[in-house]
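Residues per chain, in single letters:
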Amino acid sequence: MANGMYEIISKKRDGLELGREEIAFVIDGYVKGDIPDYQVAAWLMAIYIRGLNDRELADLTGIMLDSGDRIALDAVPGKKIDKHSTGGVGDKISFIVAPLVAACGVRVPMLSGRGLGHTGGTLDKLEAIPGMNVFLQPEQFRRVLAGTGMVICGQTDNIVPADKKIYALRDATATVSSIPLIASSIMSKKLALGSDGIVLDVKTGSGAFMREEADSIRLCRTMVAIGEKTGRPCLGIISNMDQPLGRAVGNSLEMIESFEALKGRGPADVMEVTYALGWCMLRAAGEDISYTAAETKFTEAIASGRALEVLRRFIAAQGGDPRACDDYSLLPASRHQEEFASPASGHVERIDSFEVGMAAIDTGAGRRRKEDAVAHGAGFIFHANVGDAVKKGQPLLTIHSDRPDALPAVRERLLAAIGIGARTVAKPKMILHLVDRNGVIPWPH
Ligand code: URA
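Computed from a predicted structure; not experimentally measured. (Residues numbered from 1 in each chain as written. Predicted model: local features only at pLDDT ≥ 70, side-chain atom pairs only at ≥ 80, totals over all residues. Heavy atoms only, no water.)

## Observations regarding the site of the ligand
1) Next: Inspection of the region around the ligand gives Tyr167, Arg170, Ile182, Ser185, Ile186 and Lys189 as its neighbouring residues.
2) Next: At a separation of 2.9 Å, an oxygen atom of the ligand approaches a polar side-chain atom of Arg170.
3) Next: Taking Ser185, its side chain carries an N or O atom lying 2.6 Å from a nitrogen atom of the ligand.
4) Next: Isolated, the ligand exposes 240 Å² of accessible area, and the fraction of that covered by the protein chains is 90%.
5) Next: Counting only elements with at least two residues in the shell around the ligand, the list comes to α8 (161-172) and α9 (179-192).
6) Next: When residues in the shell around the ligand are grouped by element, the largest group, four residues, is from α9.
7) Next: A per-class count over the shell around the ligand returns three nonpolar, one polar and two charged. (Near = heavy atom within 4 Å. Polar contact = N/O pair within 3.5 Å; in protein donor to acceptor, adjacent residues only side chain to side chain. Areas by Shrake-Rupley, 256 points an atom, 1.4 Å probe, with all protein chains shown as cover. Helix = DSSP H or I, 4+ residues; strand = E, 2+ residues; numbered from the N terminus. Nonpolar A, V, L, I, M, F, W, Y, C, P; charged D, E, K, R; others polar.)

So this is what it looks like as structure tokens:
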């Protein structure tokens, strides 16, 4: 007789290998509602502690993928390359790299999410643009991609429904930060989209889900191996999330920073991550191009205005007002703004991005509970970054919020998040490693 749920949980608890049919039994039974939350929660915890081998992980990913629909993209001409970030604070790279790569002839389809924990959400940021529709039917998804070169929308209920249910359970049972569970969750969704290749931005540091570099590398290698096994080129970078990315944190504020980046005024760290991912995307599309040649293409696409024009057309195609790319007064703004002054003179040696992300939620920029509304105008603009010399009383950042009663807690978190020291501090390296089918190498550029 086949094993039931009790035996499958005990097997994994004892560190034994599960067969494909046992994994399918759990996933299919859970999606159908035949297996209760408490048994799946115990199974997830057993995986969290014992892990999965490569075969089990490939089976889990494939079975999750088969739990729902896929979006076929064969009818859209050209190479289609998806980019995925594991999430961070101030991560607005999608809005810059997608039009940039599209302006260079590669189409960029992306299924994105809302803010999760302390991290911001791509869909929340896009919704700062008046009229923007982030939920498209597959046919509309293909039309926007074919017509503009890029598309970003939310995952519908029938794309990997197993992940929707399991993710919510992991969130409530302290089983999120497990490499096989994250890898199967992300890659099942990536594979549901019929792209020709996948580029991964795996974050590491205080604002990442994987704080330790070695864990981020293992996660990236695991996901690259899953992608490559399906025959699609898959490569990734390990990038620094030890301080917020760029100067803006919050929905409208990050959209403005993205528009500015496409006008040639992006902060250096944002552009470094953008160009690194853009180069990986051209490579995944089969272009044998050097990093320097890719950078030249990207700077030209920005200087000529072509990349910003792609973004304007994508916004219009999804119902948004493209005038927001130039007239920032069309974006929601907070009525209250105040400076946060440096408590000491010295050098900024630390900006803990987890704490900054939590403080941003307190300003109204993110959600504490799933049903909370987001204040699109809220967040921070940083005036100093790690490595900068500052004077006591000098503004380190500007707080934007319509919640005056929350500001004492925001200030307290920021004070704990930002470290000022006497010694000089080097600017942090933004890209740490390149991961592809051949393995991991230190970032060569
Ligand atoms: N993002 C996902 O989609 N899944 C995870 O498990 C973690 C981050």
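## Quick look at the sheet that holds strand β10 (residues 389-390)
1) Next: A sheet is described by the order of its strands in space; here three strands give the open sequence β10-β8-β12, paired in antiparallel fashion. Because the sheet does not close on itself, it has two edges, and the strands there are β10 and β12 (418-421).
2) Next: Note: strand β8 (residues 346-351) against β12, four bridges, orientation antiparallel. Within β12, the residue paired with His347 across the bridge is Gly421. (Pairing = 2+ DSSP bridges.)

## Section: the nonpolar core
1) Next: With 147 residues, the main nonpolar core has Trp43, Phe380 and Ile418 as its most contacted residues.
2) Next: With eleven residues, helix α12 (residues 268-284) is the largest single contributor of residues to this core.
3) Next: Look past the residues within four positions of Trp43 in its chain and what remains in contact with it is Met5, Ile8, Ile9, Leu18, Val26, Ile27 and Leu60. (Core = buried A, V, L, I, M, F, W, Y, C linked by side-chain atoms within 4.5 Å. Buried < 20%, exposed > 50% of the residue type's maximum accessible area, 1.4 Å probe, protein only. Contact = heavy atoms within 4.5 Å.)

## Here's the deal with the domain arrangement of the protein chain
1) Next: Looking at the protein chain, the domain boundaries give domain 1 (5-51), domain 2 (81-327 + 431-442) and domain 3 (333-421).
2) Next: Taken over C-alpha atoms, the centre of domain 1 sits 42 Å from the centre of domain 3. (Domains from an automatic or database assignment.)

## Overview of a nonpolar patch on the surface
1) Next: A cluster of nonpolar residues, Met45, Tyr48 and Ile49, forms a patch on the protein surface that exposes about 280 Å² of accessible area.
2) Next: Structurally, Ile49 is set in helix α3 (residues 37-50). (Patch = residues over 30% accessible without salt bridge, like charges linked within 9 Å, V, L, I, M, F, W, Y side chains within 5 Å. Salt bridge = Lys/Arg side-chain N within 4 Å of Asp/Glu carboxyl O.)

## A look at the packing of aromatic side chains
1) Next: Per the counting criterion, the structure on display carries six aromatic pairs.
2) Next: Pairing Trp279 with Tyr291 gives two aromatic rings, centres 5.6 Å apart and planes at 80°, and the pair type is edge-to-face. Of this pair, Trp279 sits in helix α12 while Tyr291 sits in helix α13 (residues 291-303), placing them twelve residues apart in sequence.
3) Next: Residues Tyr291 and Trp443 carry aromatic rings whose centres are separated by 5.8 Å and whose planes lie at 90° to one another, so their mutual orientation is edge-to-face. Taken together, the residues span a long stretch of sequence, with Tyr291 in helix α13 and Trp443 in the segment after β14 (439-442) at a distance of 152 residues. (Phe/Tyr/Trp six-rings, centres within 6.5 Å; stacked < 30°, edge-to-face > 60°.)

## Comments concerning unusual backbone geometry
1) Next: In the Ramachandran plot, Val160 falls in the positive-phi region, its phi being about 40° despite a non-glycine side chain.
2) Next: Here Val160 is to be found in the loop between β3 (150-154) and α8.
3) Next: When its relative accessible area of 0% is taken as the criterion, Val160 is described as buried.
4) Next: One non-glycine residue with positive phi stands out, namely Ala174, at about 55°.
5) Next: With respect to the secondary-structure elements, Ala174 resides in the loop between α8 and α9.
6) Next: Taking relative accessible area as the criterion, Ala174 reaches 58% and is therefore assigned exposed.

## Concerning the side chain of Arg142
1) Next: For Arg142, the location among the structural elements is in helix α7 (residues 138-148).
2) Next: Of the polar contacts made by the side chain of Arg142, one reaches the side chain of Glu139; its length is 3.1 Å.
3) Next: With near-sequence residues (within four places) excluded, Arg142 lies in contact with Ile71, Ala72, Leu73 and Val76.

## Considerations on the side chain of Arg107
1) Next: With respect to the element layout, Arg107 can be found in the loop between α5 (93-103) and β2 (108-112).
2) Next: Within the buried core, Arg107 has no salt-bridge partner, and the shortest N-O distance to an opposite charge, that of Asp196, equals 8.6 Å.
3) Next: Among the polar contacts made by the side chain of Arg107, one reaches the main-chain carbonyl oxygen of Pro77 at a distance of 2.7 Å.
4) Next: Looking at Arg107, its side chain comes within polar contact range of the main-chain oxygen of Leu145, at 3.2 Å.
5) Next: The contact partners of Arg107, leaving out residues within four places of it in the chain, are Val76, Pro77, Lys79, Lys80, Ile81, Leu145, Ala146 and Gly149. (Lys, Arg positive; Asp, Glu negative; His and termini not counted.)

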